[in-house]
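Understanding the architecture of this molecule
Below, each chain spelled out in residue letters.
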Amino acid sequence: MGVPSPCISICAMDEATGFCKGCYRTIEEVASWLYYTDEQKTQVLENLRQRKPASK
């Protein structure tokens, strides 16, 4: 099945950070997700852990 998308259907970009308010990916990461290898997807997921505020 591969690496699942982190999308939680809250699709709105935060202009201040450039990240999606729901999944914390960049617009490029969202648009490219289907084309990324599992290794690239895993790297994005690792990056999201650092981007997501601790309160969420």
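Here, every reference points to the structure presented above.
Described below are features of the structure shown in this document. None of the values given here were measured: they were computed from a predicted structure.

1. Observations concerning the state of the cysteines
- In total, this model carries 0 disulfides according to the counting rule given.
- Left unpaired, Cys-7 is separated from the closest cysteine sulfur, that of Cys-11, by 4.2 Å.
- Cysteine Cys-23 remains unbridged, with the sulfur of Cys-20 as its closest cysteine sulfur at 3.8 Å.
- Given the relative accessible area of 6%, Cys-23 is considered buried.

2. Some details on the side chain of Glu-29
- Residue placement: Glu-29 occurs in helix α1 (residues 27-32).
- Judged by its relative accessible area of 8%, Glu-29 falls in the buried class.
- In this view, Glu-29 contacts Tyr-36, Val-44 and Arg-51; residues no more than four positions away in its chain are not counted.

3. As for the packing of aromatic side chains
- One pass over the structure, following the stated rule, counts 1 aromatic pair.
- Measuring from centroid to centroid gives 6.4 Å for Trp-33 and Tyr-36, while their planes differ by 65 degrees, and the two rings are edge-to-face.
- Arg-25 extends its terminal NZ or CZ atom over the ring of Trp-33, reaching a point 5.1 Å from the ring centre.

4. Section: the nonpolar core
- Judged by nonpolar contacts, Val-3, Tyr-24, Trp-33, Tyr-36, Val-44 and Leu-48 together constitute the single largest core of 6 residues.
- When residues no more than four places from it in sequence are discounted, the contact partners of Tyr-36 are Glu-28, Glu-29, Lys-41 and Val-44.

5. A few points about the pattern of salt bridges
- The final tally for this structure, using the stated rule, is 2 salt bridges.
- We note a salt bridge from Glu-29 to Arg-51, for which the minimum N-O separation is 2.7 Å. A residue pair is termed long-range when its members are at least 10 positions apart, and Glu-29 in helix α1 and Arg-51 in helix α2 (residues 38-51) qualify at 22 residues.
- Note that Arg-49 is salt-bridged to Glu-46, the shortest N-O span being 2.6 Å. One end of the pair is Arg-49 and the other is Glu-46, both in helix α2 and 3 residues apart, which spans about a single turn.
- With a relative accessible area of 58%, Arg-49 lands in the exposed category.

About the criteria used
Residues numbered from 1 in each chain as written. Predicted model: local features only at pLDDT ≥ 70, side-chain atom pairs only at ≥ 80, totals over all residues. Heavy atoms only, no water. Disulfide = S-S within 2.5 Å. Buried < 20%, exposed > 50% of the residue type's maximum accessible area, 1.4 Å probe, protein only. Helix = DSSP H or I, 4+ residues; strand = E, 2+ residues; numbered from the N terminus. Contact = heavy atoms within 4.5 Å. Phe/Tyr/Trp six-rings, centres within 6.5 Å; stacked < 30°, edge-to-face > 60°. Lys NZ or Arg CZ within 6 Å of the ring centre and 35° of its normal. Core = buried A, V, L, I, M, F, W, Y, C linked by side-chain atoms within 4.5 Å. Salt bridge = Lys/Arg side-chain N within 4 Å of Asp/Glu carboxyl O.

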